[in-house]
Amino acid sequence: MHGRFILFSGSASLSCPTARLEQAVQFLDGFVLQVLQAGGGFVVLLGNEDRTKGDDGEPRIFDWTILRKIQHYAESTTDAPRVYARVVMSDDAWLTRMSEDNRRTFSNLQQRGVLEVERIQREVYAGGKYRGIECELADALVSLGGGKGTYSVGREMLEIGKPVLPLDLEIGAFSEDGEGSLLLHREMQAEPSLFFPATHRRVVDQIEAVSLQGGSIDGAARRAVEILNREMSSAAHGGRSGFKRCFSVLETAVMKLLAIVGVLRAWDFIRQMFNFG
């Protein structure tokens with residue numbers, strides 16, 4: 001896991017039961033700690049957390065939760081400083097999208113030298129732009145809850161050949177716009193080799209061990225880190241598995257190109273038949 005960065009995508013519905021939201025946060029706490037202890041880090045998108053809070057004051061999007069956990073780790077560890085998070089944010093986020101408490105958290109981590117910051121100009125603000133940069137900066141994705149945005153991030157990560165671990169806890173989506181992680185989880189069960197090209201057989205054997213529907217939440221966090229680390233290590237050193245990943249990505253691109261060529265040929269045939277142009 002050393003030097004690898006994990007993107008954690010997802011959200012919880014405002015109507016998510018408190019007990020289930022607490023399960024999600026408990027998993028996240030354990031997962032962040034396990035990744036940091038293993039030498040990894042996170043990719044986070046920083047925005048206006050206040051807009052995502054429910055009536056109980058708990059945020060339903062988890063990026064700032066991750067960053068606060070990172071701050072706690074940075075303050076308590078005796079290890080030499082390193083980059084714990086790659087931060088994606090708009091260039092006006094400091095003044096317009098951060099609460100006073102969150103500005104303090106961000107500033108504290110900047111002063112410790114444990115953040116890399118990717119700022120996006122407000123003139124090019126768009127959800128797709130942010131997702132593309134997050135996927136570029138991340139080595140793997142873990143998803144929990146969420147809707148269309150989470151699903152889009154998952155599919156984009158798969159298209160560029162990066163492992164995706166979708167979790168199965170039903171917490172809804174902040175925007176109430178789909179099943180995000182749950183849909184990705186069903187697709188992983190149907191085609192595990194797409195999600196974990198190098199180690200999918202072992203992942204299938206252990207899929208219940210990372211289920212949040214029952215069993216130990218802390219154990220699931222630990223096993224999730226093991227699964228991701230094994231896949232990334234196997235792909236990095238993997239000869240055939242690494243080649244298989246690259247070939248899969250290349251195959252997808254070629255098929256898309258052939259589809260475009262087919263459309264162009266069909267149009268040319270129609271033009272000739274009806275003597276267009």
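In this text, all values refer to a predicted model and were calculated from it rather than measured experimentally.

Trainee: Mind showing me how you'd approach the sheet that holds strand 2 (residues 41-45) here?
Mentor: Each strand in a sheet pairs with another by means of backbone hydrogen bonds, the pair being arranged parallel or else antiparallel. The 6 strands lie next to each other as 4-3-2-1-5-6, forming an open sheet whose pairing is parallel. Of all strands in the sheet, those bounded by a partner on one side alone are strand 4 (115-120) and strand 6 (164-166). Between one strand and the next, the sheet's axes are offset by a mean angle of 20 degrees, whatever the strand orientation. Here strand 2 pairs with strand 3 (residues 85-90) via 4 bridges, running parallel. In the sheet register, leucine 45 faces strand 3, and the bridge partner there is valine 88. Seen against the sheet, helix 7 (residues 180-190) touches strand 5 (140-145) and strand 6 and runs at an angle of roughly 115 degrees to strand 6.

Trainee: When you look at the pattern of salt bridges in this model, what are you seeing that I'm missing?
Mentor: As a working rule, side chains carrying opposite charge can pair if their charged atoms are close by. Counted under the stated rule, the structure contains 10 salt bridges. When the shortest N-O distance is used, the salt bridge between glutamate 116 and arginine 86 registers 3.3 Å. Note that glutamate 116 is positioned in strand 4 and arginine 86 in strand 3, a separation of 30 residues in sequence. By relative accessible area, glutamate 116 is classed as partly exposed at 38%. Linking glutamate 179 and arginine 186 is a salt bridge whose minimum nitrogen-to-oxygen distance equals 2.7 Å. You can call glutamate 179 partly exposed: its relative accessible area is 42%.

Trainee: Please explain helix 7 as it appears in this structure.
Mentor: Residues that lie three or four places apart on an α-helix share one face, since the helix turns once every 3.6 residues. Turning to helix 7, its buried residues are Gly180, Ser181, Leu182, Leu184, His185 and Met188. For helix 7, the elements touching its buried residues are strand 5, helix 6 (148-159), strand 6 and helix 8 (192-195).

Trainee: It is not clear to me how the pairing of strand 1 (residues 5-11) should be interpreted in this structure. Could you clarify?
Mentor: The side chains of a regular strand alternate between both faces of the sheet. Summarising burial for strand 1: 7 of the 7 residues are buried, a large majority. Bridge count between strand 1 and strand 2: 3 bridges; the pairing is parallel. Following the sheet pairing, isoleucine 6 is matched in strand 2 by phenylalanine 42. Since strand 1 and strand 2 lie parallel, the crossover through helix 1 (residues 18-37) that links them has a hand, and here it is right-handed. In this structure, strand 1 lies alongside strand 5, joined through 6 bridges in parallel fashion. Among the inter-strand pairings, phenylalanine 8 is bridged to a residue of strand 5, identified as valine 142.

Trainee: In this structure, what is going on with helix 6? I would like to understand it.
Mentor: Taking 1.5 Å per residue, 12 residues should reach 16 Å; helix 6 reaches 16 Å between its end C-alpha atoms and fits that length. Backbone geometry just after helix 6 places glycine 161 at a positive phi near 80 degrees.

Trainee: Sorry if this is basic, but what is going on with the pairing of strand 3 here?
Mentor: In terms of residue burial, strand 3 counts as a mostly covered element, since 5 of its 6 residues are buried. In the sheet, strand 3 pairs with strand 4 via 6 bridges, with the strands oriented parallel. Opposite valine 87, over in strand 4, you have valine 117 as the bridge partner.

Trainee: How do you make sense of the packing of helix 1 against helix 2 (residues 63-76) when you look at a structure like this?
Mentor: When two helices pack together, their arrangement is given by the angle between the helix axes and by the axis-to-axis distance. Between helix 1 and helix 2, whose axes approach to 10 Å, the crossing angle comes to 50 degrees. If you check the angle between helix 1 and helix 2, you find them oblique. The hand of the helix 1/helix 2 crossing is right-handed. Across from Leu28, Asp29, Val32, Leu33, Leu36 and Gln37 in helix 1, the residues of helix 2 making contact are Thr65, Ile66, Lys69, Ile70 and Tyr73. Here the residues of the contact of helix 1 with helix 2 sort into 7 nonpolar, 2 polar and 2 charged.

Trainee: Explain the side chain of threonine 150 here, please?
Mentor: Along the chain, threonine 150 turns up in helix 6. Excluding anything up to four places from it in sequence, threonine 150 contacts Ser9, Gly10, Ser143, Gly145, Gly180, Ser181 and Leu184.

Trainee: I keep staring at the environment of arginine 202 and nothing clicks. Help me out?
Mentor: Following the sequence through the fold, arginine 202 ends up in helix 9 (residues 200-206). When the C-alpha positions of arginine 202 and isoleucine 227 are compared, they lie 8.5 Å apart, and in sequence the two are 25 residues distant.

Definitions and cut-offs
Residues numbered from 1 in each chain as written. Predicted model: local features only at pLDDT ≥ 70, side-chain atom pairs only at ≥ 80, totals over all residues. Heavy atoms only, no water. Pairing = 2+ DSSP bridges. Helix = DSSP H or I, 4+ residues; strand = E, 2+ residues; numbered from the N terminus. Axes fitted to C-alpha atoms, helices over the stretch in contact; angles between N-to-C directions. Contact = heavy atoms within 4.5 Å. Salt bridge = Lys/Arg side-chain N within 4 Å of Asp/Glu carboxyl O. Buried < 20%, exposed > 50% of the residue type's maximum accessible area, 1.4 Å probe, protein only. Right-handed = clockwise from strand over helix to strand, strands pointing away. Expected span 1.5 Å × (residues − 1). Parallel < 35°, antiparallel > 145°, perpendicular 65-115°, else oblique. Left-handed = near helix turned anticlockwise from the far one by under 90°. Nonpolar A, V, L, I, M, F, W, Y, C, P; charged D, E, K, R; others polar.

Geometric descriptors of this kind do not, in isolation, establish any biological role.
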